[in-house]
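Geometric and topological summary
Each chain, letter by letter, is given below.
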2 protein chains.
Amino acid sequence: MAKDFPKRSEDYSQWYNEIVNRADLAEHSAVRGCMVIKPYGYAIWEKMQAQLDKMFKETGHTNAYFPLFVPKSLFEAEEKNAEGFAKECAVVTHYRLKNDEDNPGKLKVDENAKLEEELIVRPTSEAIIWKTYKGWIQSYRDLPILVNQWANVVRWEMRTRLFLRTAEFLWQEGHTAHATKKEAIDETKMILDIYADFAQRFMAMPVIKGVKSETERFAGALDTYCIEALMQDGKALQAGTSHFLGQNFAKAFDVKFTNKEGKQDYVWASSWGVSTRLMGALIMTHSDDNGLVLPPNLAPFQVVLIPIYRKEEEFEKVVEKLKEIKTQLEAKGISVKLDDRDTHKPGWKFAEYEFKGVPLRIALGPRDLESGTIEIARRDTLEKHSLDQSDIVTKVEHLLENIQSNLYNKAADYREEMTHKADTYDEFKNILEEKGGFIYAHWDGTSETEEQIKQETKATIRCIPLDSKLEEGKCIYSGKLSKQRVIFAKAY
Amino acid sequence: MAKDFPKRSEDYSQWYNEIVNRADLAEHSAVRGCMVIKPYGYAIWEKMQAQLDKMFKETGHTNAYFPLFVPKSLFEAEEKNAEGFAKECAVVTHYRLKNDEDNPGKLKVDENAKLEEELIVRPTSEAIIWKTYKGWIQSYRDLPILVNQWANVVRWEMRTRLFLRTAEFLWQEGHTAHATKKEAIDETKMILDIYADFAQRFMAMPVIKGVKSETERFAGALDTYCIEALMQDGKALQAGTSHFLGQNFAKAFDVKFTNKEGKQDYVWASSWGVSTRLMGALIMTHSDDNGLVLPPNLAPFQVVLIPIYRKEEEFEKVVEKLKEIKTQLEAKGISVKLDDRDTHKPGWKFAEYEFKGVPLRIALGPRDLESGTIEIARRDTLEKHSLDQSDIVTKVEHLLENIQSNLYNKAADYREEMTHKADTYDEFKNILEEKGGFIYAHWDGTSETEEQIKQETKATIRCIPLDSKLEEGKCIYSGKLSKQRVIFAKAY
């Protein structure tokens, strides 16, 4: 175990910070609230991007790029959206610096270079994109538009945490335009399915698909669908959202089209996004008191090979064999790192890659060469076995698959264990306090009740789950009639 | 030929704008100087990114991400760099908007949310990155750092042109840190070789490798290496730069390391970048009076398949055969689009894909089905042939290779034809005026002469070519001794 590394049970928050820091994932920068994503962390994000991008393209989407800045007059066009983001906007007011005559070598803002209209650094791109779509859409033949953008956005958060909440973050934002309401809703839901599929098959993270209550809806949306995951401290994390925007943005930017019958109508819209927040979710779902744990499907390298040796001559033979194994594994599409640096000892390397969550570690020494064996350690269970070298590729393939599904199952079991029903408010508060996790409870459907519960317990409605059965009951707070349980939790 | 499409010979600038516009590559946005990169244009950029990223990774580089903003005090730390960019900086001064009480529904900047220190939207990231590297580097064991970033940057240009010069653009910026001067210079040159290789093998664009004169050097660099290409109007375009930064940034940010001998020294640096400007270079290198021409290695789809039919029954048979061909081509890694929309006629599609520069167009009609033939048209030469369907995949492969090399050769021939030597200033001015292109001429090495020539002719020194022979001569302007010819041209 890494030195001085806090346990989850002792200080969960510190445990998270230390993993991000010591596993070289990210760090705070000199800019308030903005992070540096370090190469190892960024490599995980690149894996996420590549897979999501593939899934978007397979479903007919293309990428494009829209400006970083939104003129204030465009930004305020969709009022609810503007209101939702106004308080966290970075604003560009000037376009030039000049020498500060009072401080030689220093610069100051040139007051003569004030912009006529302020520019907002995009917190989200609906406004600038719908302004653009107006020029692209005349007829039903121009629809649907299925566009995604990979970009940075800025939301001036006062309390930031690496990956989970930062002033600048990276994300993808899809923005689609449709001829009918049904098509737009179908798109919104299809993307939700993609997000859930990605979370489960690649991140090995079970999620619940649902729809947000009005209070938690995206500013400017008619409906916000979401995937919700459960972290190891019993708090929920919203991992992705897909919004049905109705005709709100089309109306704000006057985007009409001529339908097949020759009549004019406003265009229907969806928007959807996941961000570098997924990195936080990934870290918190699987990691343990020994450091980061990565699912093989997103690990920058799935296998690390470490030579064990004393003499130079041993080193060469061992490394030769490891290179052979590396080639065999790579031929099967397995990503491998051979760490043959002589500046670090095997023990140091073992600790390093364990902490960095590499799914499989393979060590080979002179004795193994003689006996035809090899040592394999898996990160998820920390089990170590000496195996015969024969069929090593097949064995590694099976182990990686097994680790991927084991991580998913472990997380799913944890969620199961941490999911409760509450039928009274007392019961609800008890579970929240003693166990945390997801609580299925009846709610009367009003924002007032939701707000009261939030004030009193800090729990929010994570979602109205899509797959839940209708079930008559009474609101745990108001006692009024309810037709379905919703999911409450404290959340990130 | 597309309707009303201007010829290069008549209005080169308008010709360029119309290609960008009508081929759906990019457009101006509602934000001054910022562009929207449309899906078809972005797909080309993605191909460029993927290939460059592969080349960077194969040479040991990893990606990371650094903040969009640079606090003013960091920005001004390396004085030359700051001076070079100060006049074109977008500056964030506030972090909140509030309701404008005088204009219901409108927002205004909240004066109570003024930043203590202004934030510069990065025009380049040396400052924020070297501030970060200070925390990463203690010993020679931490070196080299070979990091690249794909990002957006902002330089407040007053005169903008899509792709060639925009206020916001996309690029990659590599930032490396080394223990020795030699290593840093080797890196700088290796990257230049990668850029040249990419330009030539993928963009089919011949380039000259050289080093900039002091005047044209990157602000803060000791040497700027570059690749220079020649456009069809006889103007040069700088397509990529690789800078040897010496210890300038290490000194500005106090980044020292302990070397193997246990002594402290400042770290050596390089930085290098190519941007969406390459899109402009690509367009101008190959396109003709019929629209865009794309080299197969960067075309979003290399082959378009178009069914010819009158009756529904014919349509089905023809499309069935085309789907078969598509599958065969894709199995060989060829990217194919089958346009079987019934909303557009074949003639319309022919014109559309010709304008969009798709390298090969394949058409198939009922008669072809009977005779076992197929019609193939190549975009570069506009030749059309009816071929036997047998071995169609091999034929397409050969044609694509042939188009790729033909485009390169054509561009190389043009450059050859447009490259001249001038031994007197009169000769120099005549060539510039009558022909344009690259002019090899002697220069006395002073910034004064360079500036005078620029003032009088608008030509600048593009580079001191790396591969040129030493040759004694006299400066065309001052008559002073010179040991080597440099390359002059008017430039983008």
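Residues numbered from 1 in each chain as written. Chains lettered and ligands numbered in written order. Predicted model: local features only at pLDDT ≥ 70, side-chain atom pairs only at ≥ 80, totals over all residues.

Topic: the relation of the copies chain B and chain A
What counts here: When the copies are superposed, the least-squares fit takes in the C-alpha atoms of residues with a pLDDT of at least 70 in both. Any pair of residues counts as being in contact when their C-beta atoms, constructed from backbone geometry, are within 7 Å of one another.
Placing chain B over chain A gives an RMSD of 0.0 Å and needs a rotation angle of 180 degrees, together with 0.0 Å of translation along the axis. Between the two chains, the operation in question is that of a two-fold axis. When C-alpha positions in chain B are compared against the rotation axis, the closest is assigned to B:Val92, at 2.1 Å. Interface residue correspondence from chain B to chain A reaches 100%, placing this contact among same-surface, isologous pairings.

Some thoughts on the interface of chain B and chain A
You'll often see interface size given as the accessible area lost when the parts meet. Here is the rule we go by: Residue type decides the class: Asp, Glu, Lys and Arg count as charged, Ala, Val, Leu, Ile, Met, Phe, Trp, Tyr, Cys and Pro as nonpolar, and the leftover types, Gly among them, as polar. At least two bridges found by DSSP between two strands is the condition for calling them paired. Secondary structure elements are defined from DSSP: runs of H or I of at least 4 residues count as helices, runs of E of at least 2 residues count as strands, and each element is numbered from the N terminus.
Of the residues lining the interface, 55 residues belong to chain B; the matching set on chain A comes to 55 residues. Across the side of chain B that touches chain A, the residue classes tally to 33 nonpolar, 9 polar and 13 charged. Note that strand β5 (residues 91-94) of chain A and strand β5 (residues 91-94) of chain B share 3 bridges and pair antiparallel. Counted as the bridge partner of A:Val91 is B:His94 from β5(B).

Describing the sheet that holds strand β10 (residues 168-178) of chain A
In a beta sheet, neighbouring strands pair by backbone hydrogen bonds and run either parallel or antiparallel. Residue and element names in this part refer to chain A. Overall, mixed pairing links the 11 strands, which are arranged β3-β9-β10-β16-β13-β12-β11-β24-β27-β23-β22 in an open sheet. For this open sheet the edge positions go to β3 (62-63) and β22 (419-421), each flanked by a neighbour on one side alone. Alignment of strand β12 (residues 223-230) against strand β13 (residues 236-246), held across 8 bridges, turns out to be antiparallel. Note that in β13 the partner of Ile227 across the bridge is Gly240.

A word on the domain arrangement of chain A
All names here are of chain A. The criterion, for reference: The source of the domain bounds is an automatic or database domain assignment.
Here chain A is described as being made up of domain 1 (12-68 + 127-286), domain 2 (299-414) and domain 3 (419-489). Taking only C-alpha atoms into account, the centre of domain 1 sits 27 Å from that of domain 3. With 4 residues, strand β11 (residues 208-211) is the single largest residue contributor to the side of domain 1 that touches domain 3. Of the residues belonging to the side of domain 1 that touches domain 3, the class tally is 5 nonpolar, 4 polar and 7 charged.

Considerations on helix α1 (residues 12-22) of chain A
Residue and element names in this part refer to chain A. Test applied: To assign burial, the other C-beta atoms lying within 10 Å of each residue's own C-beta are counted, with C-beta atoms placed from the backbone; 20 or more indicates buried, 12 or fewer indicates exposed, and intermediate counts indicate partly exposed. An arc is given here, and it is the one of the directions from the helix axis to the C-beta atoms.
Those residues of α1 lying buried are Trp15, Tyr16, Ile19 and Val20. One side of α1 holds all its buried residues, which, seen down the axis, span an arc of 130 degrees. Summarising the contacts, the buried residues of α1 are in contact with β1 (26-28) and α8 (277-286). Residue Asp24 follows α1 closely and has a positive phi angle near 60 degrees.

A few points about helix α9 (residues 312-331) of chain A
Residues and elements named next belong to chain A. Keep this limit in mind: By definition here, a helix of n residues has an expected span of 1.5 Å times n minus one.
Under the 1.5 Å per step criterion, the end-to-end length of α9 is 29 Å for 20 residues, consistent within 8% with the ideal 28 Å. Every buried residue belonging to α9 is among Val318, Leu322, Ile325 and Leu329, and all of these are buried. Looking down the long axis of α9, one finds its buried residues gathered within 55 degrees of arc, a one-sided arrangement. Opposite its buried face, α9 presents the exposed residues Glu312, Glu313, Glu316, Glu320, Glu324, Thr327 and Ala331, each directed more than 90 degrees away. Looking at the buried side of α9, the elements it contacts are β17 (303-307), β18 (336-338), β19 (360-364), α11 (366-371) and α12 (392-417). The positive-phi residue at the C-terminal boundary of α9 is Gly333, with phi of around 80 degrees.

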